[in-house]
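# Descriptive structure summary
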Amino acid sequence: LERQLLMQNQMRERQTAMQIAWTREFLKYFGTFFGLAAAGLTAGAIKKKNPGVLLPIVPLSFIFAYQYDMGYGTLLQRIKGEAEKILDTENTLLELPKGALTYEDLEKMRRSQSKFFIEK
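We now turn to the structure provided with this report. These figures come from a predicted structure and were not determined experimentally.

What counts, and where the lines are drawn
Residues numbered from 1 in each chain as written. Predicted model: local features only at pLDDT ≥ 70, side-chain atom pairs only at ≥ 80, totals over all residues. Heavy atoms only, no water. Helix = DSSP H or I, 4+ residues; strand = E, 2+ residues; numbered from the N terminus. Buried < 20%, exposed > 50% of the residue type's maximum accessible area, 1.4 Å probe, protein only. Phe/Tyr/Trp six-rings, centres within 6.5 Å; stacked < 30°, edge-to-face > 60°.

## Details of unusual backbone geometry
Phi is positive for lysine 49, which is not a glycine, with a value near 55°. Unlike most non-glycine residues, lysine 98 shows phi in positive territory, near 65°. By the element assignment, lysine 98 lies in the loop between α3 (75-89) and α4 (103-113). Lysine 98 gets classed as exposed once you look at its relative accessible area, which sits at 88%.

Now the structure itself:
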């Protein structure tokens, strides 16, 4: 059982590391796009003398900030802290509808789905 728990934790850590690495890689591409878009929109706003052209920078900056926080900031630590708080103080939110599955529940479902099961 201890080996299984260790293996599951290792898999979780590897998946989290992959998610962070993916975010960091995505941030490189999105950061380049954001920089080029900001420069182009700024040039367009100056050329047309219309500051409304800069409006798309606002949502793009939120996306960029979120991705940066996910890849290099403290977002995962804040998420972990909030999850721990929910587990400690709001655990009723985590209950499954109709409670946890039991062996009897699984057997009932299996019997109802089985065409060849003969009840004794």
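## Some words on the packing of aromatic side chains
A full pass over the atoms with the stated rule returns five aromatic pairs. Centre to centre, the rings of phenylalanine 30 and phenylalanine 33 are 5.9 Å apart; their planes meet at 50°, and the pair counts as tilted. Remark: phenylalanine 33 and phenylalanine 30 occur in helix α1 (residues 2-48); sequence separation between them is three residues, near one turn of the helix. Aromatic side chains tyrosine 68 and tyrosine 72 sit 5.6 Å apart centroid to centroid with 35° between the ring planes, which places their arrangement in the tilted category. Highlighted residues: tyrosine 68 and tyrosine 72, both in helix α2 (residues 57-72), separated by four residues, approximately one helical turn. Taken together, Trp22, Phe26, Phe30 and Phe33 form an aromatic cluster joined through their ring pairs.

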